[in-house]
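Structure at a glance
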There are 2 protein chains.
Amino acid sequence: MEGVDYLADERKKAQFDVDAMKIVWAGSRHTFEISDRISKLVASDPAFRKDDRTMLPRKELFKNTLRKATYAWQRIIELRLSEEEASKLRFYVDEPAFTDLHWGMFVPAIKGQGTDEQQQKWLPLAYKMQIIGCYAQTELGHGSNVQGLETTATFDPKTDEFIIHSPTLTSSKWWPGGLGKVSTHGVVYARLITDGKDHGVHGFIVQLRNLEDHTPLPGITLGDIGTKFGNGAYNTMDNGVLRFDNVRIPRDQMLMRVSQVTREGKYKQSNVPRQLVYGTMVYVRQSIVADASCALSRAVCIATRYSAVRRQFGSQNGGPETQVIDYKTQQSRLFPLLASAYAFRFVGEWLNWLYTDVTQRLQANDFSTLPEVHACTAGLKSLTTSVTADGIEECRKLCGGHGYLCSSGLPELFAVYVPACTYEGDNIVLLLQVARFLMKTASQLGAGKQPVGTIAYMGRIEHLMQCRSDVQNAEDWLKPSVVLEVFEARAARMSVACAQNLSKFTNPEEGFAELSADLVEAAVAHCQLIVVSKFIEKLQQDIPGKGVKKQLEVLSGIYYLFIIHKYQGDFIATSCINPKQASLANDQLRALYSQVRPNAIALVDAFNYTDHYLGSILGRYDGNVYPKLYDAAWKDPLNESDIPDGYHEYIRPLLKQQLRAARL
Amino acid sequence: MEGVDYLADERKKAQFDVDAMKIVWAGSRHTFEISDRISKLVASDPAFRKDDRTMLPRKELFKNTLRKATYAWQRIIELRLSEEEASKLRFYVDEPAFTDLHWGMFVPAIKGQGTDEQQQKWLPLAYKMQIIGCYAQTELGHGSNVQGLETTATFDPKTDEFIIHSPTLTSSKWWPGGLGKVSTHGVVYARLITDGKDHGVHGFIVQLRNLEDHTPLPGITLGDIGTKFGNGAYNTMDNGVLRFDNVRIPRDQMLMRVSQVTREGKYKQSNVPRQLVYGTMVYVRQSIVADASCALSRAVCIATRYSAVRRQFGSQNGGPETQVIDYKTQQSRLFPLLASAYAFRFVGEWLNWLYTDVTQRLQANDFSTLPEVHACTAGLKSLTTSVTADGIEECRKLCGGHGYLCSSGLPELFAVYVPACTYEGDNIVLLLQVARFLMKTASQLGAGKQPVGTIAYMGRIEHLMQCRSDVQNAEDWLKPSVVLEVFEARAARMSVACAQNLSKFTNPEEGFAELSADLVEAAVAHCQLIVVSKFIEKLQQDIPGKGVKKQLEVLSGIYYLFIIHKYQGDFIATSCINPKQASLANDQLRALYSQVRPNAIALVDAFNYTDHYLGSILGRYDGNVYPKLYDAAWKDPLNESDIPDGYHEYIRPLLKQQLRAARL
Ligand SMILES: Cc1cc2nc3c(=O)[nH]c(=O)nc-3n(C[C@H](O)[C@H](O)[C@H](O)COP(=O)(O)OP(=O)(O)OC[C@H]3O[C@@H](n4cnc5c(N)ncnc54)[C@H](O)[C@@H]3O)c2cc1C
Ligand SMILES: Cc1cc2nc3c(=O)[nH]c(=O)nc-3n(C[C@H](O)[C@H](O)[C@H](O)COP(=O)(O)OP(=O)(O)OC[C@H]3O[C@@H](n4cnc5c(N)ncnc54)[C@H](O)[C@@H]3O)c2cc1C
Ligand SMILES: [Ca+2]
């Protein structure tokens, strides 16, 4: 059976150069080559197998993750991988582990918030993993509202120490990944108190476990917070609980880059501007958007391949039945997600550029773009993670019953992905921040302040408030300028409508609270505009490869026309388009589905995912679904014996009507 | 801590009689009393504990389910429970088990499709559980397309037997619940072949396992199909795989109520009309809609209570922070789901009546309402299960980070619920059936055929095509007649638009395929109208209890206004309402959120769910969330030791830089 390719015919239909598209997807030839090499390295190493992950009980699962994570580290050292390669390797190992938080949060927190001295002391230890760190911010009682954290760090001038303490049950640290069982250290956020005065939340490096025997240090209670959503999934991570009973740490373990406590216990700001911390935030959110495109493309790849393999109904004269990918309902659910995966990829690429831009500006003490950057990254994080979470589940449903099996890979992908909607800012809380920015921008328009960057369109408010789309036939919807104008007009008008309604309230905060659901809708419209405009900008670049640009044009069309169709209420109610134009958009959308259909398999091949990374029998590259599904079933622990455990105690007495006698 | 009620203040705010609402929710005082008594019986019996369910490895989980299911049966016998009580008991045990399929599918299949003789032979065995049965229809290759099943049942006139055979890999039975490890018998669907002629798919009673030692009978391969979505969840069920290698069964095990094979191998129809089988279908779908209201109300109960307990931001002068239920964004996500739970409850109640009505008509050989009943039950199954699946996940997100813990109950509820969107008819396939019915109705309008039942409104098509809503202020949206008219007009216009577009195709089947995504939208509009109209009908009844009717009016308003807002594109594009009216609907919706707010906790209390049934720390009746979350964490297997398994092999060598030496 090896060597078959049930999707070969599908691959032949492609009207573009898949290899060229792979480079576009990866972002550059360099990134493509690294991804390709490292993903194959991981896929071919049996130590990284993950096909039993959803069957392992928690303790075995967790131990296995410890094995993989340390083995990955060993390989990174042995193969002398670059930082970029190392991070790709962790990515393709595809198993949440303490190393994610160590590299992704602990190290950046020290880099961003530590003084040069502190960095010199702690970073080498962290880089060599002689200590393992986590990021301990959230508590049982406070997540979104970081300023409400209750853990205290009280300076004791007598001993030159901070006393870290958990004064209430709700102040228990709760959720930090890697904290429960592995981390030796944490960046712990606590209210700084000097001389009885509360200076708000600051970060502290706190040792949690004895480096010799791993026992929690005196005064410290540590544990795992329990099982989370899904089989395998995020249960490979020891999200932890942590309590302090008056634990003392030296003064120099407060992260003092921005504010400091002197030997005498005086609290002061350093001359480093606070705004510098935003660099890290942009970086983290940019990587979340990139991850969204990965997770969504992975689900789409599985559902697309399986939709080409799966046949149901419509056999004529005993011939084969219809591939379900040929049903327009299937296409109307699947192809917008395929298009979204590409859209998120490109907006993520752009965010990467934005990060560089912001970093340079910060270094030059230019903070002018920060509010716009903050709003845009918050909004894109929210939009892309929400669409991705829903999209994965839609892909699972697109696979019918078989999508419900763990061997489809989709249940685990969903379960491991969904917290992205909650961590690094709850998606609704983030959209409210975007809305605040929009309202501020709107209110300053009269004052002659010219909005820049992603909000620049608001500078053309007069035009946008009165323009009408002149679309007259379906093809008109393929013109980027037409599309940008309606997206801009819709976003602008929704913002202005909110601003006008807000102005009717005497207390603006009350108004904001009362209208917050509408404000969130305006924020979404703004964010969708950003994604659409970055997709269109991408297409204005030179894109090599036969037919590649054409495919991307089709995908961008599907992306924006799907939004116009789904949100037609916004567009029509604000008179940006009329019902006839909405209907033409829908006609054009349907036409684009037909255009993308022959290219669908090649478009998901372009993600260049190994079968190992996909982790899905339904999504196998070769389409050899049924025999492999059948074989996989027998590996379930329940199939270890024909007669199940419990037969003699429960089933037999039931059948034999001896229930009353049986011990239950 | 026992005896606290952190939600007491919330309960005091209620403006209606909760006990009276409990009766309304239950449907009758009789049903309330049974539910109340049985749910408490289950909750107080430690044998039914389920708080460790999400932590058990598959084999232990499954064995534990066998224990509970047989113990439940024993209690049913000991307590001499009525059929109604027994089914409530299984419901409140809240753990998918082989008994669900035995009682829910195997027994009804024999009742519906077996001759009197067959019923006399098999039903007593099944009623006493001397045999355990499953419903074996779906195969690896065919689910939705039942007519495409490949298993064969070839009549052998020499021996008067059928030979049941699995000719291909894809013909393996795949998915039937209870099949893998427990069932002794199955109703197996196979292509009937007599004398070389294929008569299509028929049902057969087939013994699968030896009743003495439970081994599979000769020629039969049986197993579990593997782990499914989520922890605990549906993994308590042994969805199975089954292959036949020329297995012989006596001729009288074909279910012969409707069609028969004679001793000579002649195939003939009996004089029992085929349509009789629709009775069972209506029954099953009605119960799925009722289940949707249960699952959704359960998730809503958890999210509502937790939203009142959870406080985040907005503390003024050191006072308590804002309960997150007071944020309008939270309300705009939560309250429509609360309203939907009630809406689905009442439409389920009405379906129950419809089932009785259909049964009576079938007995009187009146098949006239069947097409309408079929479309309406298919559509309501699809609509309610889709909204419920999404709604459960939304409730999980509404609980922030803590919703991601299994101890919140929501991950498991989601995972166990979602297949309802797929089984008993994939939701999209069902909506396409509804759409066919709508198109047929539309095409016959000219011919003077008067549509009846839920499609009767199409009889007023001329009015509906040209009416305009006369809503002028927000309160106008509270008038049922106004609302019904816009829902009817929208549904009618969407159907008519589809019909007009269809008529442009020379081949109607091609047109239907091409426009199927739009047809699905028209079907959804029709189904939403049904739910809205049944909610409004309910309110025309006399509903006793202080303030109860008023609350239901508010909920019905939220239900339909939320739809008008979310689907405003449909309503505006079809000119049923104008943008100004849409905006008034949104204003009124916001006003209703404020009205429901003080009653929210009482409205979920009215579901009368025990803490056992809810299975959620976040949803506890007493609101005592934090201490209980904290305590529950320590029960995770990972917390059995401070130092995790794998520390010595993996973490220590890592920290001590001895990785290369370590065995990995
Ligand atoms: C898998 C996972 C991993 C995590 N890893 C870490 C980690 O490593 N380190 C760490 O410190 N933390 C971690 N967290 C915690 C995470 O950062 C928080 O859960 C997140 O910030 C959300 O906060 P919350 O749980 O308090 O939600 P809440 O704020 O309680 O949200 C509950 C509801 O209230 C709403 N809400 C809250 N405030 C407002 C408002 N002002 N206006 C309107 N609505 C509002 C929300 O929209 C939501 O619907 C992790 C969480 C998860 C799930
Ligand atoms: C938990 C669970 C329990 C089950 N229990 C049982 C049981 O006890 N007994 C039993 O016999 N079966 C059982 N099943 C099987 C179940 O009935 C099928 O999975 C269901 O009928 C869906 O069929 P499918 O899997 O073939 O989906 P498919 O038909 O393969 O669906 C795949 C995709 O194709 C689309 N599609 C299919 N046909 C069309 C069309 N004509 N037009 C447009 N789109 C189309 C669907 O919308 C879907 O997106 C169970 C399944 C599950 C998940
Ligand atoms: Ca114009």
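Since the structure is predicted, the reported quantities are computational estimates derived from the model, not experimental observations.

1. Quick word on the sheet that holds strand β8 (residues 240-244) of chain B
All names here are of chain B. Spatial strand order, β4-β8-β7: three strands in an open sheet with antiparallel pairing. Since the sheet does not close on itself, it has two edges, and those belong to β4 (173-174) and β7 (220-224), each with one partner. Examined bridge by bridge, β7 and β8 share five bridges and lie antiparallel to one another. From the neighbouring strand, Leu222 faces β8, where its bridge partner is Leu242.

2. Considerations on the UniProt feature "domain: Acyl-CoA oxidase/dehydrogenase middle" (unreviewed entry) in chain A
According to UniProt, the feature "domain: Acyl-CoA oxidase/dehydrogenase middle" (unreviewed entry) maps to residues 134-247 of chain A in the numbering used here. Measuring from the first to the last C-alpha atom of residues 134-247 of chain A gives 18 Å, for a span that is 0% helix and 41% strand.

3. Some details on the UniProt feature "domain: Acyl-coenzyme A oxidase N-terminal" (unreviewed entry) in chain A
Residues annotated by UniProt as "domain: Acyl-coenzyme A oxidase N-terminal" (unreviewed entry) correspond here to residues 17-132 of chain A. Here residues 17-132 of chain A is 72% helix and 0% strand, with 45 Å between the C-alpha atoms at its ends.

4. Looking at the interface of chain B and chain A
Taken together, the contact pairs 134 residues of chain B with 134 residues of chain A. Taken together, the two surfaces of chain B and chain A that pack against each other cover about 11800 Å², and 62% of this comes from carbon and sulfur. On the chain B side of the interface with chain A, the three residues burying the most area are Phe229, Tyr404 and Leu638 of chain B, jointly 7% of the side's total. Our enumeration of links across chain B and chain A arrives at 16 salt bridges. In this structure, Glu212 of chain B and Lys656 of chain A form a salt bridge, with 2.7 Å as the shortest nitrogen-oxygen distance. Broken down by element, the residue count for the side of chain B that touches chain A peaks at 12 residues, all from helix α4 (residues 58-78) of chain B. Split into classes, the residues belonging to the side of chain B that touches chain A amount to 60 nonpolar, 37 polar and 37 charged.

5. Brief notes about the site of ligand 2
In the neighbourhood of ligand 2, 31 residues make up the surrounding shell, with Arg310 and Gln330 of chain A together with Thr138, Ser144 and Asp426 of chain B lying closest. Mapping the residues near ligand 2 onto chains gives chains A and B. Between ligand 2 and Gly401 of chain A, the relevant distance is 2.8 Å, taken from an oxygen atom to a main-chain nitrogen or oxygen of the residue. One of the backbone N or O atoms of Gly143 of chain B is found 3.1 Å from an oxygen atom in ligand 2. Within the complex, the protein chains bury 94% of what would otherwise be the 970 Å² of accessible surface of ligand 2. At the level of secondary structure, the elements contributing two or more residues to the shell around ligand 2 comprise α9 (328-363) and α10 (370-398) of chain A together with α12 (427-444) of chain B.

Conventions adopted
Residues numbered from 1 in each chain as written. Chains lettered and ligands numbered in written order. Predicted model: local features only at pLDDT ≥ 70, side-chain atom pairs only at ≥ 80, totals over all residues. Heavy atoms only, no water. Pairing = 2+ DSSP bridges. Helix = DSSP H or I, 4+ residues; strand = E, 2+ residues; numbered from the N terminus. UniProt positions renumbered as here; feature names shortened; annotations may be inferred. Contact = heavy atoms within 4.5 Å. Buried area = accessible area lost by both parts, 1.4 Å probe. Salt bridge = Lys/Arg side-chain N within 4 Å of Asp/Glu carboxyl O. Nonpolar A, V, L, I, M, F, W, Y, C, P; charged D, E, K, R; others polar. Near = heavy atom within 4 Å. Polar contact = N/O pair within 3.5 Å; in protein donor to acceptor, adjacent residues only side chain to side chain. Areas by Shrake-Rupley, 256 points an atom, 1.4 Å probe, with all protein chains shown as cover.

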